[in-house]
2 protein chains.
Amino acid sequence: MTKPVVKVKQNLAQFKVGVDNVIFSVDTINNQLLILLVKREEEPFKEYWSLPGTLVKYQESLESAAYRILSEKITVNNLYLEQLYTFDHSSNPQFDRYLSVSYFALMRYEDATITKNIKSVAWINLDAIPTLAFDHNSILEYGYQRLRNKLEYSPIAFDVLPELFTLYDLYQLYTTVLGENFTDYSNFRSRLLKLGFLIDTGEKAHKGAGRPATLYRFDTKAFAPLKDKPLLFISHCSLI
Amino acid sequence: MTKPVVKVKQNLAQFKVGVDNVIFSVDTINNQLLILLVKREEEPFKEYWSLPGTLVKYQESLESAAYRILSEKITVNNLYLEQLYTFDHSSNPQFDRYLSVSYFALMRYEDATITKNIKSVAWINLDAIPTLAFDHNSILEYGYQRLRNKLEYSPIAFDVLPELFTLYDLYQLYTTVLGENFTDYSNFRSRLLKLGFLIDTGEKAHKGAGRPATLYRFDTKAFAPLKDKPLLFISHCSLI
DNA sequence: ACAAAAGTGTTGACCATACACCCATGC
DNA sequence: GCATGGGTGTATGGTCAACACTTTTGT
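Here goes a summary of the coordinates provided. All figures in this text were calculated on a predicted structure; none of them were measured in a lab.

Some details on the pattern of salt bridges
Here the idea is simple: oppositely charged side chains can pair when their charged atoms come close. Inspection of the entire model under this criterion finds 16 salt bridges over all chains. Of the charged contacts, one joins Asp169(B) and Lys207(B) as a salt bridge, the two residues approaching to 3.4 Å between their closest N and O atoms. Note that Asp169(B) is positioned in helix α4 (residues 167-178) and Lys207(B) in the loop between β11 (198-205) and β12 (213-218), a separation of 38 residues in sequence. With relative accessibility at 15%, the residue Asp169(B) sits in the buried group. Three or more residues are tied together by salt bridges with common partners; here these are Glu60(A), Arg68(A) and Glu72(A).

See below:
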């Protein structure tokens, strides 16, 4: 960043800055991808659903604001959050200019609970998103694209899963976001294990009937050398 | 974006917004990747090199500001530009808060000329970047990562190349950015042609001795169905 | 004729896919 | 015993990297 220079102050725009979050949760049980939306109570776009957002306060960083939005609506243990894009809105020049910095977040549905006593906040299925306030539909679309890319190329799944998880948990996370037909479980399994950053803890998870599943742990150190390599989690060799 | 709501004005931060550009140019003749830097003439960081930046004026969008920086320093025909990241700087609370929105740009070195009469602006080899002002070294690093990713996964090369180009032009662009050993020319060639979005114009480029090269054109329509497919331009199937 | 630049072809090793099959547990 | 969920194995076709080879031009 270039710090403001004193002598050129006259033309400079003053900005208000808002943060809007695209918050995804993965419901692996019902195989749903959900978005957290809030119903607006004021004009403009009164009664429309919108992405949860806020204006940035003094003494609060952008990222803090993003986390504040989250914590005002839900409580969650494991999540992934990153900045998405900054949208510029050349609004009426008689008002302050307005910038919207969007963030996207991912978590498991089972792991997130909407704070009590908050009405007009809901998890809505990605396939059933209505027309949202402002340009939030396109922000959401942009966030969904980023989510898919991140899941394919980065180990964000392990920020979202608990410390110990089964390979089936992982697989379900992937299929819910990317669709059922990106690869079958058997190949997914051998691919991930071959990469060598999943540690067999020896512990087993018992889920009712059936053979108990091995619990794995993500090994950050073993993953480090692969950090800059592309295309780790899914295979996309076929060009068509 | 959520529009400012009137009743909660007291706590809100006011921002100045700056734009900083990471401007890459590819010198395919000398196989160099260059960055446009400017030498600061004021404190802080006087005499340090820095990324070209500016504060955003009234009536000017973020992207306009990014283009303004460019056009004040260089003239260029074909370029690719996109937003990179928004950096937050919780500076002294008695001053306005400051946000830096960074952009990255790519062009060919042959195609870009530094505007006359501008001193202390230079193309500097990526391998010889000094310590820059502020946190510009990390912004640059972030931009370089994005550049490599974009080149691998998106057709940005065709925004940078002229309308008609040879496959060797394209290959040199890739090797200069990604390094010599990502694939050899023969394989690069057959891969790209198999994808079917490069049109043989029939025209030939004569560069002194040697067989004349076929000039190709990028076919946007033929590319469209591949837009959302990952991993088009380089192969990364091998996991190690 | 020869060098230089462009373009083609071939091969072995490896990987992805699809699918069939085996294992461990609760009831 | 058997349904249920977890895990293993294998054959086939495709892809890629490496490298040798051919074609077309200028001098």
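Let us keep going from here.
Quick look at the environment of Lys16(B)
Mapped onto the fold, Lys16(B) is located in strand β1 (residues 15-27). Using a relative accessible area of 11% as the deciding quantity, one classes Lys16(B) as buried. Separated by 82 residues in sequence, Lys16(B) and Tyr98(B) place their C-alpha atoms 4.9 Å apart. Residues in contact with Lys16(B), not counting those within four places in the same chain, are Leu12(A), Ala13(A), Gln14(A), Asp96(B), Arg97(B), Tyr98(B) and Leu99(B). There is a polar contact of 2.5 Å between the side chain of Lys16(B) and the side chain of Gln14(A).

Some details on the nonpolar core
In this structure, Val17(A) and Val17(B) are the most contacted members of the largest nonpolar core, which totals 48 residues. Apart from the residues lying within four places of it in its own chain, the contact partners of Val17(A) are Thr54(A), Leu55(A), Val56(A), Leu62(A), Tyr98(A), Leu99(A), Val101(A), Phe15(B) and Leu99(B).

Brief notes about the packing of helix α2 (residues 136-153) of chain B against α4(B)
Residues and elements named next belong to chain B. Two numbers describe how α2 lies on α4: the axes approach to 10 Å, and their chain directions differ by 145°. Between α2 and α4 lies a crossing of left-handed hand. On the side of α2, the interface is formed by Tyr144, Leu147, Arg148, Leu151 and Glu152, while α4 contributes Leu173, Tyr174, Val177 and Leu178. For the contact of α2 with α4, the residue count by class is 7 nonpolar, no polar and 2 charged.

Rules used throughout
- Residues numbered from 1 in each chain as written.
- Chains lettered and ligands numbered in written order.
- Predicted model: local features only at pLDDT ≥ 70, side-chain atom pairs only at ≥ 80, totals over all residues.
- Heavy atoms only, no water.
- Salt bridge = Lys/Arg side-chain N within 4 Å of Asp/Glu carboxyl O.
- Helix = DSSP H or I, 4+ residues; strand = E, 2+ residues; numbered from the N terminus.
- Buried < 20%, exposed > 50% of the residue type's maximum accessible area, 1.4 Å probe, protein only.
- Contact = heavy atoms within 4.5 Å.
- Polar contact = N/O pair within 3.5 Å; in protein donor to acceptor, adjacent residues only side chain to side chain.
- Core = buried A, V, L, I, M, F, W, Y, C linked by side-chain atoms within 4.5 Å.
- Axes fitted to C-alpha atoms, helices over the stretch in contact; angles between N-to-C directions.
- Left-handed = near helix turned anticlockwise from the far one by under 90°.
- Nonpolar A, V, L, I, M, F, W, Y, C, P; charged D, E, K, R; others polar.

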